[in-house]
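Each chain, letter by letter, is given below.
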Amino acid sequence: MPNIIILGTQWGDEGKGKIVDLLTENADCIIRYQGGHNAGHTLVVGQEKFVLHLIPAGILHPDKTCVIGNGIALDPQALMEEIDNLEKRGIEVGQNLKISEACHLILPYHRAIDKESEELKGTRRIGTTGRGIGPAYVDKMARIGIRTGDLAHPKIFREKLSKNLQEMNYLMEKLFKSHGFDLETLYREVMTLGERILPFVTDTSQFLWEQNRKGSSLLFEGAQGTLLDIDHGTYPFVTSSNATAGGALTGSGVGPTLIDQVLGVTKAYTTRVGSGPLPTELTGSEGEYLREKGQEYGATTGRPRRCGWFDAVCVRYSARINGLSGLILTKIDVLDKLDSIRICTGYRIGSRTVEEFPRHVEDVEAAQPIYEDVPGWQQPTRGAKRWEDLPKEAQAYVQKIEEYAGVPVIMISTGSERSETITIQNPFPASA
Ligand code: GDP
Ligand code: IMO
Ligand code: MG
């Protein structure tokens, strides 16, 4: 059975949650591998809507195993709240969830530092989700992080916490002129949560290896998107993890030769939450139209998403960086009523014309989009299930995207529900 990475090709919120939930039917293990509860993945099943932040989007299928890999920054409180909320709604979370012992913990001081350092940045603030993601990964890289496995060793955990608090409290009090954290209180709070988390904790890399040897199919669920990747995104306006394909490997402990496909989820237009350049951004009524039609409000923070036309430069770049084998195009129905649609095919930067996504954020900030205009279809596509059901202008739009990205579109999402999907080529062939 194939092992497949699903990831975002733009600035996040491409509809990864819907696609992973849908493809879970054919997979065995669904793995989150980077980011944390900054993600908001929406699943719509009939009249019910679920927004997942940390738990993989496979959780609605009780017979599948969901895995939180070592690459995740895990906030114990956010995790338990999410589990409690799911259980309240009748979704079982028990043996079907496994958490790596090497996840770095997000603790309350990370959240506090995230907020304070954003304030300090003033107009160059990143517009983070305020979840403490960046500061937790800073500790990981500084080799002072505390991991899920440490929760099983109270003495070691307490020592690490005590040492870190000396530094964190100094930062909080002296630099941010705020209040520090009390060791005793924090220790007790986290240990209480730890007791509930430990039964899920295991060596998930070993587990996935064994599952793969048994012939199980692994489905990797990316968070954020390629342009928010710490290395390949619009740095410094990025998140603090590798949202690109390599993150699935380092963040799960699964080797590259086990991966069969890398599929990029791509919105039929572009959105971004938070600061940083967005070359095709529409600030006037056209942007407002896309936001309302597409209900573009952050699934985690509720912030309005910035909207713009489809940016082929960005998606072609994503195809290269991730070695994409296919695209999954979402939200094409949002464009249904438009009489004309624009595709950005290149940028003008000063006197230069470029077709490759620029390396430096200053160039992306200066980029003026070059557009190709294509006719709209002005007919409903919402809920379409077959390629033949799409108006010919919509088919032409999809084909243009394929051409510019250099990657085939293998699925098209025409609504938020599972059934509202056109499958051109099933990534899980029946014979596999
Ligand atoms: P994710 O972070 O990539 O999982 O995406 P989000 O859940 O943050 O945002 C995608 C939004 O679009 C959610 O509200 C989905 O329910 C919705 N959605 C997904 N696919 C489609 C689609 O094809 N059409 C429409 N209209 N909505 C969709
Ligand atoms: P999903 O998985 C969209 C953005 C934030 C901010 C930047 C850094 O739902 O696609 P962080 O809190 O991560 O340090 O913020 O990244 N961001 C997202 N934008 N979708 C997401 O996740 C995001 N997760 C983080 O808005 O600009
Ligand atoms: Mg989202």
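Chemist: I tried to follow the pairing of strand β3 (residues 41–45) on my own but got confused; where do I start?
Modeler: Side chains on a regular strand alternate between the two faces of the sheet. With five bridges joining them, β3 and strand β4 (residues 48–52) adopt antiparallel strand pairing. The residue bridging H41 from the neighbouring strand is L52, located in β4. Linking β3 to β4, which pair antiparallel, is a turn of two residues; within it G46 sits at a positive phi near 60°.

Chemist: Explanation requested: the domain arrangement of the chain in the structure shown.
Modeler: Reports often express the size of an interface as the amount of accessible area lost when the parts come together. The domain architecture assigned to the chain consists of domain 1 (4–93 + 203–431) and domain 2 (104–200). Taken together, the contacts link 30 residues of domain 1 with 21 residues of domain 2. The junction of domain 1 with domain 2 conceals about 2,200 Å² of combined surface from both sides, 58% of it contributed by carbon and sulfur atoms. Counting the surface domain 1 buries against domain 2, the share from its top three residues, L74, P76 and M80, is 22%. Seen at the junction of domain 1 and domain 2, the total is three salt bridges. As a salt-bridge pair, R196 and D84 come within 2.8 Å of each other at their nearest N and O atoms. Taken together, the links from domain 1 to domain 2 amount to 12 residue pairs in polar contact (both at pLDDT 80 or more). Among the elements that take part in the side of domain 1 that touches domain 2, helix α2 (residues 76–88) stands out by supplying six residues, more than any other. Here the side of domain 1 that touches domain 2 is composed, by residue class, of 11 nonpolar, 15 polar and four charged.

Chemist: What is the right way to look at the nonpolar core in this model?
Modeler: Nonpolar side chains tend toward joint burial in soluble globular proteins. Ranked by internal contacts, the top residues of the largest apolar core, which has 62 residues, are I5, F220, L335, F357 and Y397. Counting residues per element, this core draws most heavily on helix α10 (residues 312–322), at six residues. In this structure, I5 is in contact with Y33, F220, A245, A248, I259, Q261, V262 and L263, ignoring residues within four places of it in sequence. Core analysis: the second largest hydrophobic core is formed by 58 residues, I4, A57, L105 and I197 among them.

Chemist: Looking at this structure, how should I read the sheet that holds strand β19 (residues 409–413)?
Modeler: Taken in spatial order, the 10 strands make up an open sheet running β9-β7-β5-β2-β10-β1-β11-β15-β19-β20, and their pairing is mixed. Of all the strands in the sheet, the pair left with one neighbour each is β9 (201–202) and β20 (421–423). Running over the sheet, helix α12 (residues 392–405) touches β15 (326–330) and β19 and is turned about 140° from β15.

Chemist: What's the story with helix α1 (residues 16–24) in this structure? I'm lost.
Modeler: Because the α-helix completes a turn every 3.6 residues, residues three or four places apart line up on one side. Within α1, nine of the nine residues are buried, which leaves it mostly tucked inside the rest of the structure. Every buried residue of α1 is listed here: K16, G17, K18, I19, V20, D21, L22, L23 and T24.

Chemist: Whenever I open this one, unusual backbone geometry confuses me. Can you help?
Modeler: For residues other than glycine, phi is negative in most cases, and the peptide bonds are mostly trans. The step from Y235 to P236 runs through a cis peptide bond, and the omega angle for that step is 10°. Positionally, P236 belongs in the loop between β10 (218–221) and α8 (245–250). Phi at R143 is positive, roughly 65°, even though this residue is not glycine. Of note, R143 is situated in the loop between α4 (133–141) and α5 (154–175). Positioned with a positive phi, Q295 is a non-glycine residue whose angle comes to about 50°. You can see Q295 is positioned in the loop between α9 (285–293) and β13 (306–308).

Criteria and thresholds
- Residues numbered from 1 in each chain as written.
- Chains lettered and ligands numbered in written order.
- Predicted model: local features only at pLDDT ≥ 70, side-chain atom pairs only at ≥ 80, totals over all residues.
- Heavy atoms only, no water.
- Pairing = 2+ DSSP bridges.
- Helix = DSSP H or I, 4+ residues; strand = E, 2+ residues; numbered from the N terminus.
- Domains from an automatic or database assignment.
- Contact = heavy atoms within 4.5 Å.
- Buried area = accessible area lost by both parts, 1.4 Å probe.
- Salt bridge = Lys/Arg side-chain N within 4 Å of Asp/Glu carboxyl O.
- Polar contact = N/O pair within 3.5 Å; in protein donor to acceptor, adjacent residues only side chain to side chain.
- Nonpolar A, V, L, I, M, F, W, Y, C, P; charged D, E, K, R; others polar.
- Core = buried A, V, L, I, M, F, W, Y, C linked by side-chain atoms within 4.5 Å.
- Buried < 20%, exposed > 50% of the residue type's maximum accessible area, 1.4 Å probe, protein only.
- Axes fitted to C-alpha atoms, helices over the stretch in contact; angles between N-to-C directions.

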